[in-house]
Amino acid sequence: MCSNVPKSTRALIVQELKVPRKPLYHDATLIERPLSPPKPGEVLVKIGAVGFNHKDVWIRMGQYPNIAIGAVFGGDGAGTVIASGTPNDPLLNTRVFLTPTRGWEKDPQKPESRFGILGGGAYPPLGTFAEYVVVERDQVIPTPEHLDDVHMAAWPIGGVTAWRAVAVNAQVQKGQNVLITGIGGGVALLAMQICLAKGANVYVTSGNQVKIDKAISLGAKGGANYKDKDWPEQIGALLRREKKDAMLDAIIDSAGGDIMGQAGKILKQGGRVVCYGMTASPKITLTMRQVLANQQLLGSTMGSHQDLKDATDFLAKHRIVPIVSHVLNGLESADEGFELIKRGDQFGKVVIKLRQGDVKAKL
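Here's a quick rundown of the structure.

Parameters at a glance
- Residues numbered from 1 in each chain as written.
- Predicted model: local features only at pLDDT ≥ 70, side-chain atom pairs only at ≥ 80, totals over all residues.
- Heavy atoms only, no water.
- Helix = DSSP H or I, 4+ residues; strand = E, 2+ residues; numbered from the N terminus.
- Rg over C-alpha atoms; globule rule 2.2 N^0.38 Å.
- Buried < 20%, exposed > 50% of the residue type's maximum accessible area, 1.4 Å probe, protein only.
- Contact = heavy atoms within 4.5 Å.
- Lys, Arg positive; Asp, Glu negative; His and termini not counted.
- Salt bridge = Lys/Arg side-chain N within 4 Å of Asp/Glu carboxyl O.
- Polar contact = N/O pair within 3.5 Å; in protein donor to acceptor, adjacent residues only side chain to side chain.
- Axes fitted to C-alpha atoms, helices over the stretch in contact; angles between N-to-C directions.
- Parallel < 35°, antiparallel > 145°, perpendicular 65-115°, else oblique.
- Left-handed = near helix turned anticlockwise from the far one by under 90°.
- Nonpolar A, V, L, I, M, F, W, Y, C, P; charged D, E, K, R; others polar.
- Arc of directions from axis to C-beta.
- Core = buried A, V, L, I, M, F, W, Y, C linked by side-chain atoms within 4.5 Å.

## A word on the overall build of the protein
So, step 1. Counting secondary structure elements, the protein contains 10 helices and 19 strands.
So, step 2. Relative to the 2.2 N^0.38 estimate, which gives 21 Å for 363 residues, the radius of gyration of the protein is 21 Å and therefore close to what a compact globule would have.
So, step 3. Taken over the C-alpha atoms alone, the protein extends approximately 70 × 50 × 35 Å along its principal axes.
So, step 4. Going through the 363 residues of the protein one by one, you find that 54% of them count as buried.
So, step 5. Nonlocal contacts in the protein, meaning residues at least 24 apart in sequence, comprise 71% of its contacts between residues at least 6 apart.

Structural data, given as structure tokens:
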């Protein structure tokens, strides 16, 4: 182990309000806390960049289960292993990112044990919004050489969620037509990038025309504004422009609500709707019309450690670069990140680059 291992780290923690206010919005406070050296089976990661997720805002709003006051925020983080509790550890000086979940290693259907996501909660008792993090050595994954820490920090939670939705549940293949709703969010954009790398034809929806245009510039065939009542007809027209009688093979959805009723007419028989979010409604309507068409509705939440490894191998093979909307400077700028996520006008991930320096990628 290195002799110059830091004895403390700054970390951004969930803090109770000193003065109660409504609606509830917990403080996010930057503190200095002791740092224990890594034990056998653990490594110390010097964090280069961390990424925001909606979960971080929901925690501050008190709208997430098992919030722990004093817990460190953040589920996404990337950096470099600088010390290990294992002698002569080959991971030393390796650029890595942290596995964002615990309890789901490789079962193809579901977590094997208690499932938890890093950041702000009682389990696991770990968050990435810190200068240094001690973590189990089998819960870090080497960073592909084409990515720096900033872009790697935009990957873990969104990447495993997108991969499981696209590759495992929707089973997207080359040449298929795929609709991705709510383009602009981190998961939706990663889903689009994965679909495009697989050779699929991607169509998108958004409530913002600028985001639709950006998606088209990145390779999407076209899109429609979901605020228009006839958006399914617009997508249908785009499909037929490419090929007569063309229909969707799959829909990757973040909204819930009446997605089956709205898009069912342009989804092929046996087509799949994979839903990973509920920005429109926590209920999804499924009628006998979709049942008789053999259309399948599949829920998709995060993914296993093995899913994340498979996704990262795909990311490396196709040299995919996750899309970053904003790069903030230092943990002191975290409040700006929370506000960006609350407003929802970002296109891609919001990332903090820590001020202690980043390791360059081999581009």
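## Here we look at the side chain of Asp-253
So, step 1. If you trace the backbone, Asp-253 turns up in strand 13 (residues 248–253).
So, step 2. We note that Asp-253 is buried and unpaired, the nearest opposite charge coming from Lys-211 at a distance of 15 Å.
So, step 3. Among the polar contacts listed, one links the side chain of Asp-253 to the backbone nitrogen of Ala-255, at a separation of 3.2 Å.
So, step 4. With residues up to four places along the chain from it excluded, the contact list for Asp-253 reads Thr-181, Ile-259, Val-274, Cys-275, Tyr-276 and Gly-277.

## As for the packing of helix 3 (residues 156–169) against helix 4 (residues 186–198)
So, step 1. The interhelical angle for the contact between helix 3 and helix 4, taken along N-to-C directions, is 50 degrees, at an axis separation of 8 Å. Here helix 3 lies oblique to helix 4, going by the angle between them. Seen along the crossing, helix 3 lies across helix 4 with a hand that is right-handed. Contact residues: Gly-158, Gly-159, Thr-161, Ala-162, Trp-163, Val-166 and Ala-167 in helix 3; Val-187, Leu-190, Ala-191, Ile-194, Cys-195 and Lys-198 in helix 4.
So, step 2. Of the residues assigned to the contact of helix 3 with helix 4, the class counts are 9 nonpolar, 3 polar and 1 charged.

## Comments concerning helix 10 (residues 334–343)
So, step 1. For helix 10, the complete set of buried residues consists of Ala-334, Gly-337, Phe-338, Leu-340 and Ile-341. Down the axis of helix 10, the sector holding all buried residues measures 160 degrees, keeping them to one side.
So, step 2. In this fold, the buried residues of helix 10 make contact with strand 1 (8–15), strand 2 (27–34), helix 1 (54–60), strand 18 (324–329) and strand 19 (349–353).
So, step 3. At the exit of helix 10 stands Gly-344, carrying a positive phi of roughly 75 degrees.

## As for the pattern of salt bridges
So, step 1. Inspection of every chain in the model, using the stated rule, returns 15 salt bridges.
So, step 2. A salt bridge links Arg-355 to Glu-332, with the shortest nitrogen-to-oxygen separation between them at 3.4 Å. In this pair, Arg-355 is assigned in the segment after strand 19 and Glu-332 in the loop between strand 18 and helix 10, connecting sequence segments 23 residues apart.
So, step 3. Note on Glu-332: relative accessible area 40%, which makes it partly exposed.

## Brief notes about the packing of helix 3 against helix 9 (residues 305–317)
So, step 1. Axis separation between helix 3 and helix 9 bottoms out at 9 Å; the angle between their running directions is 90 degrees. By the angle class used here, helix 3 and helix 9 are roughly perpendicular. Two secondary-structure elements touch here, helix 3 through Pro-156, Gly-159, Val-160, Trp-163, Arg-164 and Val-168 and helix 9 through Asp-307, Leu-308, Asp-310, Ala-311 and Phe-314.
So, step 2. Split by residue class, the contact of helix 3 with helix 9 holds 7 nonpolar, 1 polar and 3 charged.

## Here we look at the nonpolar core
So, step 1. Residues Trp-155, Ile-180, Ile-183, Met-192, Cys-195, Val-204 and Ile-252 are the most contacted members of the largest nonpolar core, which totals 43 residues.
So, step 2. Those elements giving two or more residues to this core turn out to be helix 3, strand 10 (177–180), helix 4, strand 11 (201–206), helix 5 (209–217), strand 13 and helix 9.
So, step 3. In contact with Ile-252, not counting residues within four places along its chain, are Ala-165, Val-166, Ala-170, Val-178, Leu-179, Ile-180, Thr-181, Ala-191, Val-274 and Tyr-276.
So, step 4. Judged by nonpolar contacts, the second largest core, of 35 residues, contains Ile-13, Phe-129, Ala-130 and Ile-341.

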